[in-house]
Amino acid sequence: MTMPLTIEAALSAGRTALDGAGVETATLDARLLLEAAMDAGTARIVAEPDQALDTRQEERYRSFLERRRNREPISLILGRRAFWKDEFVVTADTLTPRPDSETLIELAVEHFRRGAPCRILDLGTGTGCLLLSALREFPDAAGLGVDLSPGACGVALRNARTLGLDSRTRIICGDWGTAIGGIFDLILCNPPYIADRERETLSPEVREFEPRQALFAGVQGLDAYRELVPELAANLAPGGALIVEIGHGQGPGVSRILMESGFCVAARARDLANRERCLLATVAHT
Ligand code: GLN
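This write-up is about the structure you can find in this document. This is a predicted model, so every value here is computed, not measured. Residue numbers restart at each chain and count upward from 1, following the sequence in its written direction. Totals for whole chains, interfaces and linings use all residues, but because this is a predicted model, local features are given only for residues with pLDDT of at least 70 and pairs of side-chain atoms are given and counted only at 80 or more. Based on all heavy atoms of the structure, the side-chain values leave hydrogens and waters out of the count.

## Side note on the overall build of the protein
- For the purposes of this entry, the term helix denotes a DSSP run of H or I that reaches at least four residues, the term strand denotes a run of E that reaches at least two, and both are numbered from the N terminus. Across its full length, the protein carries eleven helices and nine strands.
- Against the 2.2 N^0.38 benchmark of 19 Å for 286 residues, the protein shows a C-alpha radius of gyration of 21 Å, consistent with a compact globule.
- Along the longest, intermediate and shortest principal axes, the C-alpha atoms of the protein span 80 × 40 × 35 Å.
- By the convention used here, residues are in contact when the closest approach between their heavy atoms is within 4.5 Å. For the protein, the share of sequence-separated contacts (at least 6 apart) that also reach a separation of at least 24 residues comes to 67%. The quantity called the radius of gyration is restricted to C-alpha atoms. Its globule counterpart is 2.2 Å times the number of residues to the power 0.38.

This is the structure in structure tokens:
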């Protein structure tokens, strides 16, 4: 008969297994996977190292570890990721929300301090994390999320319902042009912006598991901005703002596209690594 596996032994075995697979955050990931396998919080995992896992918990933990050893992201294994003030369902159809993208919400909150936006558009909504976080910050607003992927649209809708924001949320499956004709006070967009040639520099977690169409955008990574920005000035209400996420070093290129399309760049924000991460653009209405 084999000895039941204790929490402490499970953590240590998990750490070793993940370390061996080149996972940089092996200790943290082993704990997160064990918590999920046991449906337990951190407090219990830390406070009861000698408690044994039952067979079902052990099986789940082993299968989670195996997936993580194959470099599947934690967000996909757990099926969720925290962003801004909420937790979002994440699937293989959606980009995992990044802390860096929270700078878009911060910038929106700052910009609209004196008069909240009523109509919000989020292009390439994915999990809906940007749109739904904005709707949470602006309780009188209604929002439209657009995504090309039917799978992502389903996830965004599910997140809207779970967060109790569905009465203010509409999700449409379509391309960048879908919302043309609508007028919005705030337009958010975190488009794909990775240059095709950078594919090999990405971690296996991103390269192998995240949706390709949410990541890559041509030779310089600017294709999505080139496609969507020129149409957008006409969608912005007077006093409105377009906030786009950008990749490292793309500030000048995206600013140029914005200016050529009738926008002026009114603010920029940096992420936690102090890199320019998003631009806020407005239109001077005459
Ligand atoms: N809007 C979503 C996010 O910021 C998805 C973006 C994308 O798929 N490129 O996470």
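## Structural notes on the site of the ligand
- In the region of the ligand, the neighbouring residues are Leu 95, Gly 124, Thr 125, Gly 126, Cys 129, Leu 130, Asn 190, Pro 191, Pro 192 and Ala 214.
- Within the contact set of the ligand, a nitrogen atom lies 2.8 Å away from a backbone nitrogen or oxygen of Asn 190.
- Looking at the shell around the ligand residue by residue, the classes come out as six nonpolar, four polar and no charged. Only a single heavy atom is needed: when it lies within 4 Å of a molecule or strand, its residue is near that molecule or strand. A 3.5 Å cut-off defines polar contacts: any pair of N or O atoms within that distance qualifies, except that in protein one atom must be a possible hydrogen donor and the other a possible acceptor, and neighbouring residues in sequence count only when both atoms are side-chain atoms. Amino acids are sorted into nonpolar (Ala, Val, Leu, Ile, Met, Phe, Trp, Tyr, Cys and Pro), charged (Asp, Glu, Lys and Arg) and polar (every other residue, Gly among them).

## Remarks on the sheet that holds strand S6 (residues 184-189)
- Note on pairing: two strands pair once DSSP finds at least 2 bridges between them. Pairing within the open sheet is mixed, and its seven strands lie in the order S5-S4-S3-S6-S7-S9-S8. A single partner strand is all that each edge strand has here, and the edge strands are strand S5 (169-173) and strand S8 (264-270). Adjacent strand axes in the sheet meet at a mean angle of 15 degrees, parallel and antiparallel pairs treated alike.
- For S8 and strand S9 (residues 276-282), the ladder comprises six bridges, and the chain directions are antiparallel. Each bridged residue has a counterpart across the sheet, and for Arg 268 the counterpart in S9 is Leu 279. Axes, fitted as lines to C-alpha atoms, cover a helix only where it is in contact. Angles between the N-to-C directions of the axes lie from 0 to 180 degrees.

## Side note on the packing of aromatic side chains
- Between the rings of Phe, Tyr and Trp (Trp by its six-membered ring), a pair exists once the centres lie within 6.5 Å; its type follows the angle of the planes, with under 30 degrees stacked, over 60 edge-to-face, and the other angles tilted. With the rule as written, the count across this model stands at two aromatic pairs.
- Ring geometry for Phe 83 versus Phe 88: centroids 6.2 Å apart, planes at 75 degrees, classification edge-to-face.
- Working definition: with a 1.4 Å probe on protein chains only, accessible area under 20% of the residue-type maximum means buried, over 50% means exposed, and in between means partly exposed. Its relative accessible area of 1% is what places Phe 83 among the buried residues.
- Their ring planes at 75 degrees and their centres at 6.0 Å tell us that Phe 112 and Phe 138 sit as a pair that is edge-to-face. Highlighted residues: Phe 112 in the loop between helix H6 (102-111) and strand S3 (119-123) and Phe 138 in the loop between helix H7 (129-137) and strand S4 (142-147), separated in sequence by 26 residues.
- Under the relative-accessibility criterion, Phe 112 is labelled buried at 7%.
- A relative accessible area of 6% places Phe 138 in the buried class.

## Comments concerning the nonpolar core
- Residue types Ala, Val, Leu, Ile, Met, Phe, Trp, Tyr and Cys, when buried and joined through side-chain atoms within 4.5 Å, form a set referred to as a nonpolar core. Within the largest apolar cluster, 33 residues are counted, with the highest numbers of intra-cluster contacts made by Tyr 225 and Phe 263.
- For this core, the elements supplying multiple residues, two or more each, are S3, S4, S6, helix H10 (223-232), strand S7 (236-245), helix H11 (251-260) and S9.
- Counting residues per element, this core draws most heavily on H10, at five residues.
- When residues no more than four places from it in sequence are discounted, the contact partners of Tyr 225 are Pro 191, Tyr 193, Pro 230, Val 244, Glu 245, Ile 246, Gly 247, Gln 250, Val 254 and Ile 257.
- Core analysis: the next-biggest nonpolar cluster, separate from the first, contains 29 residues, Leu 186, Ile 243, Cys 278 and Leu 280 among them.

## Observations regarding the side chain of Thr 127
- You can see Thr 127 is positioned in the loop between S3 and H7.
- Here Cys 129 takes part through its backbone nitrogen, which lies 3.2 Å from a polar atom of the side chain of Thr 127.
- Those residues in contact with Thr 127 that sit more than four places away from it in its chain are Phe 88, Val 89, Val 90, Thr 94, Leu 95, Pro 97, Leu 132, Val 155, Ala 156 and Asn 159.

## Structural notes on helix H8 (residues 150-162)
- The terminal C-alpha atoms of H8, which comprises 13 residues, lie 19 Å apart, in line with the 18 Å expected from a rise of 1.5 Å per residue.
- Among all positions of H8, only Ala 152, Cys 153, Val 155, Ala 156, Asn 159 and Ala 160 are buried. Along the axis of H8, the buried residues cluster in a sector spanning 160 degrees; they form a single face. Turned more than 90 degrees away from the buried face of H8 sit Pro 150, Arg 161 and Thr 162, all of them exposed.
- Buried residues along H8 sit in contact with strand S2 (86-89), H7, S4 and S5.
- Of the residues flanking the end of H8, it is Gly 164, one or two places downstream, whose phi is positive at about 70 degrees. Helix span, expected: 1.5 Å multiplied by one less than the number of residues in the helix. Here, the arc refers to the directions that run from the helix axis to the C-beta atoms.

## Here's the deal with the packing of helix H2 (residues 26-38) against helix H4 (residues 55-69)
- The contact between H2 and H4 brings their axes to 8 Å, and the two run at 140 degrees. Considering the relative orientation of H2 and H4, their crossing is right-handed. Two secondary-structure elements touch here, H2 through Asp 29, Ala 30, Leu 33, Leu 34, Ala 36, Ala 37 and Met 38 and H4 through Gln 57, Arg 60, Tyr 61, Phe 64, Leu 65 and Arg 68.
- Class assignment of the residues belonging to the contact of H2 with H4 gives a composition of nine nonpolar, one polar and three charged. Handedness of each helix crossing follows the sense of rotation of the near helix against the far helix: counterclockwise by less than a right angle gives left-handed, clockwise gives right-handed.

## Some words on the pattern of salt bridges
- What counts as a salt bridge is simple: a side-chain nitrogen of Lys or Arg found within 4 Å of a carboxyl oxygen of Asp or Glu. According to the stated counting rule, one finds 20 salt bridges in the structure shown.
- The partner of Glu 205 in a salt bridge is Arg 68, and the shortest N-O contact between them spans 3.0 Å. Taken together, the residues span a long stretch of sequence, with Glu 205 in helix H9 (residues 204-209) and Arg 68 in helix H4 at a distance of 137 residues. Grouping residues by exposure puts Glu 205 and Arg 68 together as buried.
- Look at the salt bridges and you will find they share partners, linking Asp 29, Arg 68, Arg 71 and Glu 205 into a network.

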